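# Commentary on secondary and tertiary structure
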Amino acid sequence: MEKTPITTFVHPNSDVNPDADIGDGVHIYPWVYVEGDVVIGDRCNIKSFCYIPNGTKIGKDVFIGMGTQICNDKNPIANNNEFKQEGVIIEDSASIGANVTLLPGVTIGKSALIGAGSVVTRNVRPFAIMAGNPAKEVKR
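Figured I'd write up the structure that's included with this text. (Residues numbered from 1 in each chain as written. Predicted model: local features only at pLDDT ≥ 70, side-chain atom pairs only at ≥ 80, totals over all residues. Heavy atoms only, no water.)

With that settled, the discussion passes to the sheet that holds strand β18 (residues 129-131). Pairing within the open sheet is mixed, and its eight strands lie in the order β1-β4-β7-β10-β13-β16-β18-β19. Bordering the open sheet on either side are β1 (9-10) and β19 (136-139), each of which pairs with just one other strand. Inspection of the sheet shows β18 paired to β19 by three bridges, in the antiparallel sense. Its bridge partner lying in β19, Met130 is registered against Glu137. (Pairing = 2+ DSSP bridges. Helix = DSSP H or I, 4+ residues; strand = E, 2+ residues; numbered from the N terminus.)

The next thing to look at is the sheet that holds strand β3 (residues 21-22). Pairing is parallel across the open sheet formed by five strands, whose spatial order is β3-β6-β9-β12-β15. Bordering the open sheet on either side are β3 and β15 (107-108), each of which pairs with just one other strand. Sheet topology places strand β12 (residues 89-90) next to β15; two bridges connect them, and they run parallel. Within β15, the residue paired with Ile90 across the bridge is Ile108.

According to the stated counting rule, one finds three salt bridges in the structure shown. Residue Glu137 pairs with Arg125 through a salt bridge whose shortest N-O separation is 2.8 Å. Residue Glu137 is located in strand β19, and its partner Arg125 is located in the loop between β17 (119-120) and β18; the two are separated by twelve residues in the primary sequence. Assessed through its relative accessible area of 35%, Glu137 is described here as partly exposed. (Salt bridge = Lys/Arg side-chain N within 4 Å of Asp/Glu carboxyl O. Buried < 20%, exposed > 50% of the residue type's maximum accessible area, 1.4 Å probe, protein only.)

Take a look at the structure:
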């Protein structure tokens, strides 16, 4: 029996670089910007107004809430000749609430949950529930 391919859907008004590696069954809502050096796993759901910069790696079955911003530059200076990209990794089945900011170089562990409006400044353990600014583990 042949496996039927699952459709990935990118809404109008989103900007997805053709070099981005996007899996099957991904749903990208309007006003999302995805740069080229990005990997998005199967069955992810990325809501409106998100920014996914170069160096971001997103696992399978990840939910990213509306307005989430992912950063990849620890020293954002105009005309910075020493720019060093630090990508963010979001592991399988993680859920990121609305208006979350993920700072450069962090890893969000498998099945972690990040509360709305949180600012994640350091790595998140698998299955952790994080909230606040800076985000702190509130439950596991």
